[in-house]
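Here is what each chain is made of, one letter per residue.
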Amino acid sequence: MPLNFSWARAGVAALALASTAAAAQQDGEAVTPDRARANFARPITLAADDVRAFAPPPAGFADAQAGVPGGRIEELGYASGVTGTQRQALVYLPHGYAAGRRYPVLYLLHGIGGNQHEWNGYVRANVVLDKLIASGKALPMIVVMPNGRAMPDDRSPPPDRVFTPQNAEGFAKFERDLLEFLIPAVETKYAAARDRRQRALAGLSMGGGQALNFGLAHLDTFAWVGGFSSAPNTRPDAELLRDPAALKRELALLYLSCGNKDGLINVSQRVHRALQAQGVAHLWHVDEYGHDRDSWAENLFHFAQRLFR
Ligand code: FER
């Protein structure tokens, strides 16, 4: 099952048939197939500081290996007052998870064509986490992988309906679903710590835009925020950095990354420059990948090690 969008898989002809209805109001830039195609094809201009902050991980860091104790994956069902439906999230419980302790929680958000299985299925997040936790490089944490498309029908759309305002609208609606319904459900069911220093929000592409939009707007809920290859749903700088003093004071980590072959890199570059201009500390990591799992697995590797310290 294709868990990530690719132009080759979707077929450009199919995209031409997709809805071009007037874009609904939403975070950042409205989505249409034409605009998405143009965004992915934007020329890439790299600045001197658009480079790696970290060396690549050891070979095999995202490959399953016998003898590494694995976390457990569960389904969490929760009632959402946003969609009026019962929704599903995937939950990673670290090896040795015991209800008597309190674990920090990372919420990890998928891309525009994906669902709650994308991080595990396509990126192999669980393998990356198992190895980091087993080697002591990351702290044991609960990782929640929700479905970030807060719609009554939240299935991944067919290829010709991925880049439509209707699909993108669900990603903006997820803000309330996350804050008012998912987080309380997680903290009721699991041994989750309940303060902002113990909650992180990160995502890839459309999910990266969500993580920046929602994380920076809700510093009372999240102290750790990561945007990987963030998409054009990322809010404009003036909104994202509405209160730079609060960002400076409250963020434990703001992590931005993108591949230097990803046509969407201008989104992350723009946020990086705005943060720099305002003097908001952040990590900026540019790797050699495109809009793909190689970048996302590596950035999870780098990001997860720095969390909750
Ligand atoms: C766009 C191009 C790509 C866009 C979103 C995406 C909001 C998302 C891509 C992904 O999640 O992989 O123009 O508009």
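The notes below deal with the structure included here. (Residues numbered from 1 in each chain as written. Predicted model: local features only at pLDDT ≥ 70, side-chain atom pairs only at ≥ 80, totals over all residues. Heavy atoms only, no water.)

## Quick look at the sheet that holds strand β8 (residues 283-287)
Note: strands within a sheet are paired through backbone hydrogen bonds, in either parallel or antiparallel orientation. Under the convention used in this document: At least two DSSP bridges between two strands are required for those strands to pair. Numbered from the N terminus, helices here are DSSP runs of H or I no shorter than four residues, and strands are runs of E no shorter than two. Note on geometry: axes are lines fitted to C-alpha atoms, helical ones only across the stretch in contact, with angles between N-to-C directions running from 0 to 180 degrees. By the convention used here, residues are in contact when the closest approach between their heavy atoms is within 4.5 Å.
Strand order in the open sheet made by the eight strands is β1-β2-β4-β3-β5-β6-β7-β8, with mixed pairing throughout. Each having just a single partner strand, β1 (72-80) and β8 make up the two edges of the open sheet. Direction aside, the axes of adjacent strands within the sheet are offset by 20 degrees on average. Along the sheet face, helix α11 (residues 293-305) touches β3 (105-109), β5 (199-204), β6 (224-228), β7 (253-259) and β8 and points at about 160 degrees away from the line of β7.

## Description of the site of the ligand
How we decide: Distances are taken per atom, and a residue is near a molecule or strand as soon as one of its heavy atoms is within 4 Å of it. What qualifies as a polar contact is a pair of N or O atoms within 3.5 Å, subject to a donor-acceptor requirement within protein and to the restriction that residues adjacent in sequence count only when both atoms come from side chains. For accessible areas, the Shrake-Rupley method is used with a probe of radius 1.4 Å. Any residue's cover is judged against the shown protein chains and nothing else. Cavities and pockets are defined on a 1 Å grid built over the protein atoms alone: a cavity is a set of grid points where a 1.4 Å probe fits but cannot escape, while a pocket is an open set with protein on both sides within 12 Å along at least five of seven lines, and lining residues are those with an atom within 4 Å of any such point. Each molecule is checked against the cavity or pocket grid, and it sits inside if more than half of its atoms lie within 2 Å of the grid points. Residue polarity is assigned by list, with Asp, Glu, Lys and Arg as charged and Ala, Val, Leu, Ile, Met, Phe, Trp, Tyr, Cys and Pro as nonpolar; anything else, Gly included, falls into the polar class.
Around the ligand sit 15 residues, and of these N39, I112, S205, M206 and H291 come closest. Take N39: an N or O atom from its side chain is 2.7 Å from an oxygen atom of the ligand. S205 is positioned such that a nitrogen or oxygen atom in its side chain is 2.8 Å from an oxygen atom of the ligand. Relative to its unbound accessible surface of 360 Å², the ligand loses 100% to contact with the protein. Applying the majority rule of atoms within 2 Å of the grid points places the ligand in the largest cavity. With three residues, the top contributor of residues to the shell around the ligand is helix α3 (residues 33-40). Here the residues of the shell around the ligand are counted per class, giving nine nonpolar, five polar and one charged.

## Regarding the pairing of β8
Quick reminder of the rule: Type-normalised accessible area, obtained with a 1.4 Å probe on protein chains alone, sets the label of each residue: buried when under 20%, exposed when over 50%, and partly exposed for intermediate values.
β8 sits mainly inside the fold: four of its five residues count as buried. Relative to β8, β7 runs parallel, the two being bridged by five bridges. The partner of G259 across the bridge, within β8, is D287.

## Observations regarding the nonpolar core
What counts here: To define a nonpolar core, start from buried Ala, Val, Leu, Ile, Met, Phe, Trp, Tyr and Cys residues and group those joined through side-chain atoms within 4.5 Å.
Counting 45 residues, the largest nonpolar core has Y107, I142, V144, L178 and L182 as its most contacted members. Counting residues per element, this core draws most heavily on helix α6 (residues 165-189), at six residues. With sequence-adjacent residues up to four places away left out, V144 is seen in contact with A89, L90, V91, V105, L106, Y107, L108, L182 and V186.

## Describing the packing of aromatic side chains
We count it as follows: Ring geometry is summarised as follows: Phe, Tyr and Trp rings, the Trp one being its six-membered ring, pair when their centres sit within 6.5 Å, and such pairs are stacked at plane angles under 30 degrees, edge-to-face over 60 and tilted between the two. Any Lys NZ or Arg CZ found within 6 Å of a ring centre and within 35 degrees of that ring's normal is scored as a charge over the ring.
The full count for this structure, using the stated rule, is twelve aromatic pairs. A centroid spacing of 6.1 Å and a plane angle of 75 degrees characterise the contact between W119 and F228, whose relative ring orientation is edge-to-face. In this pair, W119 sits in helix α4 (residues 118-121) while F228 sits in strand β6, placing the two residues 109 residues apart along the sequence. In this pair, the class of W119 matches that of F228, namely buried. One aromatic cluster is present, formed by F54, W119, F228, Y255 and F303 through successive ring pairs. Between the NZ or CZ atom of R306 and the centre of the ring of F54, over which it lies, the distance is 3.9 Å.

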